[in-house]
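Residues per chain, in single letters:
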Amino acid sequence: MAAAAGVSVTTVSHILNEVEGKRVNTETRQRVLETARQLGYAPNGLARGRRLKRSSTIGFVSDQIATTPPTRAGSS
C-alpha cells in the first residue's frame, strides 16, 4: 500500500492508525486513504489484538455440554 501511495510504510501506519501528534500533509493523508479504499484495505483485528495485547473477546466456561439443542414436546 505504501508503494502504491508513494509514501513510507511508517506514514501509512500513522495515517491508518490515526496516531496523534504526527503531522501529515492533508493531500498525503487523502492519497493514502484513497489507496487503502481502492485496495480494499480492512484492519486485521487479530493482528491488532496481538499488538495491543488485548482482544476485546470474552470467554465462557461451563461444566455442561450440549451437543444437540433440546427438542420441544410434540415437535418433530
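Conventions we followed
- Residues numbered from 1 in each chain as written.
- Predicted model: local features only at pLDDT ≥ 70, side-chain atom pairs only at ≥ 80, totals over all residues.
- Heavy atoms only, no water.
- Helix = DSSP H or I, 4+ residues; strand = E, 2+ residues; numbered from the N terminus.
- Buried < 20%, exposed > 50% of the residue type's maximum accessible area, 1.4 Å probe, protein only.
- Contact = heavy atoms within 4.5 Å.
- Core = buried A, V, L, I, M, F, W, Y, C linked by side-chain atoms within 4.5 Å.
- Expected span 1.5 Å × (residues − 1).
- Polar contact = N/O pair within 3.5 Å; in protein donor to acceptor, adjacent residues only side chain to side chain.
- Salt bridge = Lys/Arg side-chain N within 4 Å of Asp/Glu carboxyl O.

Peer 1: Teacher, can you tell me more about the side chain of T35 here?
Peer 2: Following the sequence through the fold, T35 ends up in helix α3 (residues 26-38). Given the relative accessible area of 9%, T35 is considered buried. Those residues in contact with T35 that sit more than four places away from it in its chain are M1, A4 and A5.

Peer 1: Help me understand the nonpolar core, please; the structure alone is not making it clear to me.
Peer 2: If you look at soluble globular proteins, the nonpolar side chains tend to sit buried side by side. Of all hydrophobic cores here, the largest spans 6 residues; its members are A2, A5, V7, V12, I15 and V32. At the level of secondary structure, the elements contributing two or more residues to this core comprise α1 (2-5) and α2 (9-16).

Peer 1: Looking at this structure, I do not really get α3. What am I missing?
Peer 2: The periodicity of an α-helix, 3.6 residues per turn, causes residues three or four positions apart to be oriented the same way. Between its terminal C-alpha atoms α3 stretches 18 Å, which fits the 18 Å expected from 13 residues at 1.5 Å a residue. Put simply, N25 is the residue that caps the front of α3, since its side-chain oxygen is 2.7 Å from the backbone nitrogen of E27.

Peer 1: Please clarify how the pattern of salt bridges should be interpreted in this entry.
Peer 2: Inspection of the entire model under this criterion finds 2 salt bridges. R31 serves as the salt-bridge partner of E27, at 4.0 Å between the closest nitrogen and oxygen. Here E27 pairs with R31, and both are found in helix α3, just 4 residues apart, close to one helical turn. Among the residues examined, E27 registers a relative accessible area of 58% and is labelled exposed. Looking at R31, the relative accessible area reads 33%, which means it is partly exposed. For R37, the salt bridge identified is with E34, shortest N-O distance 2.5 Å. Highlighted residues: R37 and E34, both in helix α3, separated by 3 residues, approximately one helical turn. Relative accessible area serves as the criterion here: at 57%, R37 is assigned to the exposed category.

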